[in-house]
Amino acid sequence: IKNGPCINRKYVQTIVDFIRERISILPTVGIVCGSGFGKIASRMKNAQVLKYEDIPNFPRSTVVGHPGNLVFGEFGGKMVVVMQGRFHMYEGYERQQIAIPIRVMKLLGVEILLLTNAAGGLNRSLKVGDLVCIKDHISFPGMSLNNVLAGPNDEDFGERFIAISDAYDSTLRSIFKKVVAEMNFSDVVKEGVYAHVGGPNYESPAECRMLLMIGADVVGMSTAPEVLVARHAGIRVFALSLVTNVSVLDQESKEKASHEEVLRATEARVDDVEKLFEEMISRL
Ligand code: ADE
């Protein structure tokens, strides 16, 4: 196992100091935007923006649909920081670098993290446009020492060994479900297990059949590492997948997943997610 950069308290504090000198907002809620979800920030009030590239020691976004901004502002009556664009290991980052933004949020004062992602729908009841509230995950990189928490542990953030049986906060899921019912979105919202794969290729049909067999409902290339870093640091977590394509289980099928399809499906649902999150945040 390679150690990579140690994203310790000192490293993160230099980023936090830089942000604090420029941004007056003290966020208690963080949002991580998946592919095409950057628009979630559009209804924020008094927004202040920092580009990732202007923040020393901060990674850069390389994926189309991930703009690369930290947006601070008021949303649902709370002070919020939105990550427009996340980092994935397939972009070539050392796995520890995925921890940087989440640890920055922790030191800025974030207590609750909402994450979104685009995902393939494995469960045959899922359709493109469905939202899946994540209740648990299976992380292939996480189980195979490509774990974001592997390497030297900085006790300033959390303990070496952490339980993740309650990683996806049941109270936050209940609040979300209530909001969904009241806003009449129940027919497009489900709950399920997220399979985290390394990517960057979409899964083969045989891989999809395996994922379905082991209990996954949706599959994607993100979220689980950020959830681990957040839980390690004691941040409460809520995560939502948007089904942007239905996973192909049969190699004779003519259906093919594509990033354009993912961005199109996200575009069609992002306003709904923004409204649901705004209402959810107002109830936290
Ligand atoms: N992101 C969007 N769709 C995906 C899929 N089918 N697999 C992995 N990541 C995805």
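Calculation criteria
Residues numbered from 1 in each chain as written. Predicted model: local features only at pLDDT ≥ 70, side-chain atom pairs only at ≥ 80, totals over all residues. Heavy atoms only, no water. Helix = DSSP H or I, 4+ residues; strand = E, 2+ residues; numbered from the N terminus. Expected span 1.5 Å × (residues − 1). Buried < 20%, exposed > 50% of the residue type's maximum accessible area, 1.4 Å probe, protein only. Arc of directions from axis to C-beta. Contact = heavy atoms within 4.5 Å. Axes fitted to C-alpha atoms, helices over the stretch in contact; angles between N-to-C directions. Parallel < 35°, antiparallel > 145°, perpendicular 65-115°, else oblique. Left-handed = near helix turned anticlockwise from the far one by under 90°. Nonpolar A, V, L, I, M, F, W, Y, C, P; charged D, E, K, R; others polar. Phe/Tyr/Trp six-rings, centres within 6.5 Å; stacked < 30°, edge-to-face > 60°. Near = heavy atom within 4 Å. Polar contact = N/O pair within 3.5 Å; in protein donor to acceptor, adjacent residues only side chain to side chain.

Attention shifts here to the environment of Lys 177. Topologically, Lys 177 is positioned in helix H4 (residues 170-182). Between the C-alpha atoms of Lys 177 and Leu 240, which are 63 residues apart in sequence, the distance is 12 Å.

All right, on to helix H1 (residues 9-22) then. An ideal rise of 1.5 Å per residue puts 20 Å on 14 residues; H1 measures up with 20 Å between its terminal C-alpha atoms. Taken as a whole, H1 has its buried residues at Val 12, Ile 15, Val 16, Phe 18 and Ile 19. Seen along its axis, H1 keeps its buried residues to an arc of 155 degrees; they face one direction. Opposite its buried face, H1 presents the exposed residues Lys 10 and Glu 21, each directed more than 90 degrees away. In this fold, the buried residues of H1 make contact with strand E2 (45-51), strand E3 (69-75) and helix H2 (100-108).

On to the packing of H1 against H2, then. Where H1 meets H2, the axes come as close as 9 Å, and the angle between the chain directions of the two elements is 65 degrees. By the angle class used here, H1 and H2 are roughly perpendicular. Our pair here, H1 against H2, has a crossing hand that is right-handed. Residues Arg 9, Tyr 11, Val 12, Gln 13, Ile 15, Val 16, Ile 19 and Arg 20 of H1 pack against Ile 100, Arg 103, Val 104, Leu 107 and Leu 108 of H2. For the contact of H1 with H2, the residue count by class is nine nonpolar, one polar and three charged.

As a further point, take helix H6 (residues 224-232). Across the nine residues that make up H6, a large majority, eight, are buried. Residues of H6 that are buried include every one of Ala 224, Pro 225, Glu 226, Val 227, Leu 228, Val 229, Ala 230 and His 232, and no others. Buried residues along H6 sit against strand E1 (29-33), H2, strand E5 (112-121), strand E6 (131-139), strand E7 (189-196) and strand E9 (236-246). Following H6 by one or two positions, Gly 234 has its phi on the positive side, about 80 degrees.

Right, let's talk about the packing of aromatic side chains for a bit. Note on aromatic pairs: each is described by the distance of the centres and the angle between the planes. Applying the stated rule across the entire model yields six aromatic pairs. Taking 6.0 Å as the distance between ring centres and 70 degrees as the angle between the ring planes, the aromatic pair formed by Phe 58 and Phe 87 counts as edge-to-face. Note that Phe 58 is positioned in the loop between E2 and E3 and Phe 87 in the loop between strand E4 (78-84) and H2, a separation of 29 residues in sequence. Under the relative-accessibility criterion, Phe 58 is labelled buried at 5%. Here Phe 87 and Tyr 93 contribute two aromatic rings whose centre-to-centre distance is 5.3 Å and whose plane-to-plane angle is 75 degrees, an arrangement assigned as edge-to-face. In this structure Tyr 93 comes out as buried when scored by relative accessible area, which is 15%.

In the neighbourhood of the ligand, the contacting residues comprise Ala 118, Ala 119, Gly 120, Tyr 202, Glu 203, Val 219, Gly 220, Met 221, Thr 244, Asn 245 and Val 262. Between a nitrogen atom of the ligand and a main-chain N or O atom of Ala 118, the distance comes to 3.1 Å. Here Gly 120 contributes a backbone N or O atom positioned 3.4 Å from a nitrogen atom of the ligand. Looking at the shell around the ligand, the elements that each hand over two or more residues are E5, strand E8 (218-220) and E9.

The values reported here are purely geometric and, on their own, carry no functional implication.
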